[in-house]
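The lines below spell out each chain.
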Amino acid sequence: MLNQELAQILSLMADYLDMDEAFFESRAYSKVARVLESMEQDVGVIYQKGGIKAIKQIQGVGQGIAYKIEEYIKTGRVSRLGQLKKKCPVDLENLSRVEGLGPRKIKILYKKLKIKNLKDLGKAAKAGKVALLDGFGSQSEQNILGAIKFVKASNERFPIGEILPLVREIIKELEDLPLGGQISLAGSLRRMKETIKDADILITSNKPEQVMEHFVKIKGVVKIWAQGKTKSSVRFKKGFDCDLRVVKKKSFGAALQYFTGSKDHNISTRKIAKKKGLKLNEYGVYKGDRQIAGKTEKQVYQAIGLPYIEPELRTNSGEIEAGLNNQLPKLIGYDDIKGDVHCHTNWSDGRESIKSLARAAKKFGYQYLAITDHAGFLKIAHALDEKQLIKQMSQIDKVNQKLSGIKLIKGAEVDIRPDGSLAIEDKVLAQLGLVIGAVHSMFKMNRKDMTQRLIKAMNNPNLNIVAHPTGRVFRKRQGYQLDWPIIFKAAKKTRTALEINAHTTRLDLKDIHIRQAIESGVKLVISADVHPISYLSMVEYGIAQARRGWAESKDILNTRPLKSFLKYFE
DNA sequence: GCCGTTTTCGGCCCGACTGTTTTCAGTCG
């Protein structure tokens, strides 16, 4: 996707400009970089359709940056970046990954010691040359040496599912201390972003030193970046950083609002405050020197004329305008799902028998469960054929008779062939209660062909749901490109639901597509693609994804009771 | 470099921590 490439280049340019002390110019570039990162439409497409004029419509883009975007689209490079690099030819991308090194210090390192990259930096630090520079000392030299080691490990963001459980344990440990009061997650974890770089926790306490002393010694801490009275920062063995902040009770809400972000959301809220003659910071909302709100987030938002905005919405992508106009969505709740509709058993590649999975789902609180083992040609996952499917159906009937309190739906996850046909005969599919279609082959088809492939599948009246619609897998596969408006149109017309696959390695659909799907009138389901029982609880990440896509309960079919869930597909 | 219900010029969000400084610059979120 062109947006991500361009965002990276613009943000790199911002860093070089920072080094050049062109601070406000730098800010303009990084602002556009952030906009591009979270923008749904591809810049390349925008340019194709509307030329440079359309590019200038993008938030924060004026004449100058528009031309640079055009240059990148046409030639694949931005010559200004080359000029900036020439001025100070250092590997800014990697050097600034070292904690404590920013553009200014990197410039000093280059001017004084000709340090251009991590290798040079390591050598110089080992030789004790860095400590002698102005603004550096032996302490920072040691930090640099330590940080270089960590750069490799911190190269990536983590799927939320790998971090949230760990951070909840940390929070639990802090809660158990007799020192603290209120405690909460903050940052991107509280916003339930799909990938996480570091974790933020807020706590109120009148013994901050003791809280911090305990925090930096929690099991798994491998490095203490900072330890102060109000803020401490540590690195965990897993490779992510965690910040703990101690705040005052009367500022807890303001701090929570502030540290939950996103950065852009905060900039907008502070601008609104400023317009009203108020000041908003992490201590509260102030009229002159007087705090007029701060204890709770709700009060903070109220004080600046906004309703409470759910953390998942705080991305500065319309939630503030919606709030001002009283048009915020009533987001789907974390307890609203009535049943999982994408599960595998030991008939294909799952772990559990039909019966034990059903029992576990009942215990989890579900009213129904769709058994959707692989069917078709995916032999690696022991896909079932027509004969086996029929056999399984009668087995499910038997279990249904024996179990009370939960209903099983006879289903299948059928392979969608490259030509868009389904890999199981229609007359067998017609007997099933729920048919999920999924692409498991030929991922590299181009946008047009893949779109046609899915449309043909959706036009099969037996198909109810398209599973993991883009096929992306974190750290493994980028996912195929689809022509979304066409897909949404077809999904609506054929009453095909799109899946929000909640498995932490997938989280597919993405938030922006969820939002577009809903705007297009397409219905969705949230399912955990259950293999072992433990996956059931991953539904939380799918719900979070849906909330970030502005989904309400009515948009998600499996928030309905069984009857009305199935009715949609009739 | 961008932007405009005070503005086409003159602003651009705001504060803590660190290391080194001996009052602050740089970094970070």
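Structure: see above.
Everything quoted here is computed from the prediction, not taken from an experiment. (Residues numbered from 1 in each chain as written. Chains lettered and ligands numbered in written order. Predicted model: local features only at pLDDT ≥ 70, side-chain atom pairs only at ≥ 80, totals over all residues. Heavy atoms only, no water.)

Peer 1: Looking at this model, I keep getting lost on helix 17 (residues 354-364). Mind explaining?
Peer 2: Structurally, the α-helix is built with 3.6 residues per turn, so residues lying three or four positions apart point the same way. Looking at helix 17, one finds that the buried residues are Ile-354, Leu-357, Ala-358, Ala-360 and Ala-361. One side of helix 17 holds all its buried residues, which, seen down the axis, span an arc of 165 degrees. Buried residues in helix 17 make contact with strand 11 (339-343), strand 12 (368-375), helix 18 (386-402) and strand 13 (407-415). (Buried < 20%, exposed > 50% of the residue type's maximum accessible area, 1.4 Å probe, protein only. Helix = DSSP H or I, 4+ residues; strand = E, 2+ residues; numbered from the N terminus. Arc of directions from axis to C-beta. Contact = heavy atoms within 4.5 Å.)

Peer 1: Just checking my understanding: could you explain the protein's contact with DNA strand B for this structure?
Peer 2: Every one of the 40 residues lining DNA strand B counts as a neighbour, but Arg-27, Gly-137, Thr-230, Tyr-258 and Arg-270 are closest to it. If you look at DNA strand B and keep only atoms within 4 Å of the protein, 76% of those are sugar or phosphate atoms. Ser-138 has a polar backbone atom sitting 3.4 Å from a phosphate oxygen of DNA strand B. Lys-231 is positioned with one of its backbone polar atoms (N or O) 3.3 Å from a phosphate oxygen of DNA strand B. Of all elements in the fold, only helix 2 (23-37), helix 4 (63-75), helix 7 (103-113), helix 9 (138-153), strand 5 (221-227), helix 14 (263-275) and strand 8 (279-281) reach the threshold of two or more residues within the surface near DNA strand B. Counting residues per element, the surface near DNA strand B draws most heavily on helix 2, at 5 residues. When the residues that make up the surface near DNA strand B are grouped by side-chain class, the tally is 12 nonpolar, 15 polar and 13 charged. (Near = heavy atom within 4 Å. Polar contact = N/O pair within 3.5 Å; in protein donor to acceptor, adjacent residues only side chain to side chain. Nonpolar A, V, L, I, M, F, W, Y, C, P; charged D, E, K, R; others polar.)

Peer 1: What is the right way to look at the packing of helix 1 (residues 2-19) against helix 5 (residues 79-87) in this model?
Peer 2: Between two packed helices, both the angle of their axes relative to each other and the distance between the axes serve to describe the pair. With their axes 10 Å apart at the nearest point, helix 1 and helix 5 run at an angle of 35 degrees to one another. Where helix 1 crosses over helix 5, the handedness of that crossing is left-handed. On the side of helix 1, the interface is formed by Ile-9, Leu-12, Met-13, Tyr-16 and Leu-17, while helix 5 contributes Arg-80, Leu-81, Leu-84 and Lys-85. Its residues placed into classes, the contact of helix 1 with helix 5 shows 7 nonpolar, no polar and 2 charged. (Axes fitted to C-alpha atoms, helices over the stretch in contact; angles between N-to-C directions. Left-handed = near helix turned anticlockwise from the far one by under 90°.)

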